[in-house]
Structure formats: structure tokens, C-alpha cells
Amino acid sequence: MPKLTLIPTPKVLIHGGAGSRQPTHSQSMCLTEALIGGYEILKTGHSPLDAVESMIGYLEESGLFNAGRGSLRQLDGTQRMDASIMEGQTLSAGAVAGLEGYLHPIHAARRIMTDTDHVLMAGPHANRLARFFGLARMTHRKTPIEQKRIPRSIKNINPKSHDLYRKMGVFDTVGAVAIDRAGHLAAGASTGGVAVMLPGRVGDTPLIGAGVYADNTAGAISMTGLGESIIRAGMAKHMAILLGLGWTPVRAANYALKALVSRIQGEAGCLILDRTGRFAIRHTTPWMSAGYWNGRGKPIVKNRFP
């Protein structure tokens, strides 16, 4: 008897970061709006990659999260932003690190993926590419998240302190994953870093296999949290391998996050979506602003998940 092939239900997942600070109502509403827009892109026949890029771009524009307009500043006062995007059919990916002065790092990552032979561009050369592609420049204005930046009293502190990161509670990296009816997957993320970071610091977000991964034979993952620990554990690829072995998203997420905490005292949250459309949202932090939608009823957005 022929084996039945499950047809995935198209769906989109989004996160606005995980940390010790309770997300605001405005952030939850923004995530809801992004989910509606992202699903509409899938519904009209565009790719999961288009949906992921659109959702992340919407959050970057809002100024409500630590990404794009609302990005944290490094200790020299400069916003340096990171982003990555990946699709699961051909494992194509693009990423940018240390981008300055551009509103949408996720668009830069997409253009690197589609219009160059490279995966990751960094620093001034990434800026030159963004200018060449004609991407939107940052028009600076005070944003809600910027009101909660680093207090003056700790500006000269040694940033080699994970406890300080946790005390600040600012891990508002944004990210998204999506799947269409054909089973094609995509994942992405964008960030302004963490509180109290040396100039030039780069976290997990632009590193394929650490902050983001997508593979149609396994699943799609977007991470948030303390980037240094996520890099060391190779979290996104770790979870993808477990999905490829047949683990459920819930089991894979719980196992990988437990190992992150026990081995290196890391903190993280994740969106994890497998090739059949099953998914999980999990975090080790007190809060994680995230949500999902499959086009039925209303989008689900919450600040805590099991």
C-alpha cells in the first residue's frame, strides 16, 4: 500500500525576542500585524522566504524591538546591526554583520543571498553593498525601545559579564520561520545585539547554523537570546539535525535548550518548525514575545510559552 504523504498547512511563526523584561502590548500588537502580513504573502503564492523577509522587515521598521530602527548601540554609541535569512530547498543563505545606517538589515541579507556568490558580508563592505543595492537609509528618531538603553552609570563597565546581560534583560532580537503547502521552508533573524557590547561585537544572528537554519528535509529554526552561548552550542543546526532524525519540534527544542543551560549556562528562545508543519516555541528566559498563524481564526501571540 503506498505511503501517504502529508501536505503541510501553510503557516508563519514570529518572535520579538526572549529575556527577563516583560514585552509590551505595543510589541504584541506589532507581532500580530506582522503575522497577518506574512501569511497574506504565503496565501497569494509568494515563497516562505518572501514571507520571512517581510515579517522581519515590518518589525525592523517599527522601532519597538532590538532590530533595525530600534537597535541597541555599542559602547562607542553606534548602532551596528546583524541579520540572516535562509531557504530550505537549496540551502541558499545570506547574512550581514555590523551594518551601519541602514533601516533593513534583513533586506541586505536577502540581496547578498540572491545577488552575490557570498553568504556573509561584514562592516564597511556590507555598507557599500547596501548602498549599491539602493537600500533604505536610517532616518533616526527616538523610539520606544531606545528610551530603555544602557544607563550612563554602566557605560564604562567591562562587558565580559553574562550576568550583566541578564540584568539588562535586552535580547529583543526578532525572527521568523515559515512553510508553504509544498513543504518549502525559510528562516531569518535580525538584531541590534545585546546590552553592553564592545564595538564590533557580532552575535549568533548572522551566523548560519547558530542563529538561523532552514532545510526542507528537516525544518526551520530562528533563535533569540544570549548570542555568545547560542554560537558555542551551534543551536540552530543542532535542532535541525534532531528534526532530521525524526524528533518532534517540542522534543528537539527541549533537549537542545536544556543542554545549552546545563553545559554553558546559556539563555535562549527558539522558533522551531519541521517539514510536516509541526512546530514549537520554547525559551529558557522568563519571557518570550512570539506568535504563529495558519490563516484560521486569529493569530496567536503570547509572552510566555511552555
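Residues numbered from 1 in each chain as written. Predicted model: local features only at pLDDT ≥ 70, side-chain atom pairs only at ≥ 80, totals over all residues. Heavy atoms only, no water.

**Let's talk about the overall build of the chain**
So, point 1. Secondary structure summary: the chain contains 8 helices and 12 strands in total.
So, point 2. A total of 306 residues make up the chain; the buried ones form 59% of that total.
So, point 3. With an accessible surface of roughly 13100 Å², the chain has 54% of that area assigned to carbon and sulfur atoms. (Helix = DSSP H or I, 4+ residues; strand = E, 2+ residues; numbered from the N terminus. Buried < 20%, exposed > 50% of the residue type's maximum accessible area, 1.4 Å probe, protein only. Areas by Shrake-Rupley, 256 points an atom, 1.4 Å probe, with all protein chains shown as cover.)

**What to know about the environment of Gly63**
So, point 1. Inspection of the secondary structure puts Gly63 in the loop between α2 (48-62) and β2 (81-87).
So, point 2. C-alpha of Gly63 to C-alpha of Gln27: the two residues are 36 residues apart in sequence and 9.6 Å apart in space.

**Section: the side chain of Glu60**
So, point 1. Following the sequence through the fold, Glu60 ends up in helix α2.
So, point 2. Of the polar contacts made by the side chain of Glu60, one reaches the side chain of His104; its length is 2.9 Å.
So, point 3. In contact with Glu60, not counting residues within four places along its chain, are Ala67, Gly68, Arg69, Leu103, His104, Pro105, Ile106 and Ser190. (Polar contact = N/O pair within 3.5 Å; in protein donor to acceptor, adjacent residues only side chain to side chain. Contact = heavy atoms within 4.5 Å.)

**Considering the sheet that holds strand β12 (residues 300-302)**
So, point 1. In space, the 8 strands of this open sheet follow the order β4-β3-β2-β6-β5-β1-β11-β12, with mixed pairing throughout. Bordering the open sheet on either side are β4 (120-122) and β12, each of which pairs with just one other strand. Within the sheet, the average angular offset between the axes of one strand and its neighbour, ignoring direction, is 5°.
So, point 2. In the sheet, strand β1 (residues 11-19) pairs with strand β11 (residues 287-293) via 6 bridges, with the strands oriented antiparallel. Paired with Gly19 across the strands is Trp287, a residue of β11. (Pairing = 2+ DSSP bridges. Axes fitted to C-alpha atoms, helices over the stretch in contact; angles between N-to-C directions.)

**Notes on the sheet that holds strand β10 (residues 279-283)**
So, point 1. In space, the 4 strands of this open sheet follow the order β7-β8-β9-β10, with antiparallel pairing throughout. Lying at the two open borders of the sheet, with one neighbouring strand each, are β7 (212-215) and β10. Looking at each pair of strands side by side, their axes are set apart by 10° on average, direction ignored.
So, point 2. Here 5 bridges tie strand β9 (residues 268-274) to β10, and the two strands are oriented antiparallel to one another. Within β10, the residue paired with Leu273 across the bridge is Phe279.
So, point 3. Together, β7, β8 (219-225) and β9 form the strand contacts of helix α7 (residues 235-244), whose direction differs from that of β8 by roughly 150°.

**Focus on the environment of Ala210**
So, point 1. With respect to the helices and strands, Ala210 occurs in the loop between β6 (185-191) and β7.
So, point 2. Sequence-wise, Ala210 and Lys237 are 27 residues apart; in three dimensions their C-alpha atoms are separated by 6.4 Å.
So, point 3. Not counting chain neighbours up to four residues away, the residues in contact with Ala210 comprise Asp204, Met223, Ile230, Ile231, Gly234, Met235 and Ala236.

**Examining the pattern of salt bridges**
So, point 1. For the structure on display, the rule yields 8 salt bridges.
So, point 2. A salt bridge links Asp115 to Arg111, with the nearest nitrogen and oxygen atoms 2.6 Å apart. On the criterion of helical spacing, the pair formed by Asp115 and Arg111 is a turn pair, its members being 4 residues apart in helix α3 (residues 105-115).
So, point 3. On the basis of relative accessible area, Asp115 is assigned to the partly exposed category, the value being 43%.
So, point 4. Ionic contacts of the salt-bridge type, sharing partners, join the residues Asp50, Glu53 and Arg110 into one network. (Salt bridge = Lys/Arg side-chain N within 4 Å of Asp/Glu carboxyl O.)

**Some points on the pairing of strand β3 (residues 93-99)**
So, point 1. Across the 7 residues that make up β3, a large majority, 7, are buried.
So, point 2. Where β2 meets β3, 5 bridges bridge the pair, whose relative direction is antiparallel. Counted as the bridge partner of Met81 is Leu99 from β3.
So, point 3. Count of turn residues in the β2/β3 antiparallel hairpin: 5 residues, of which Leu91 carries a positive phi of about 65°.
So, point 4. Two strands pair when backbone bridges link them, and β3 and β4 are joined in this way by 3 bridges, in the parallel orientation. By the bridge assignment, Ala95 is partnered in β4 with Leu120.
So, point 5. The β-α-β motif built from β3, the intervening α3 and the parallel element β4 has left-handed crossover chirality. (Right-handed = clockwise from strand over helix to strand, strands pointing away.)

None of this, on its own, says anything about what the molecule does.
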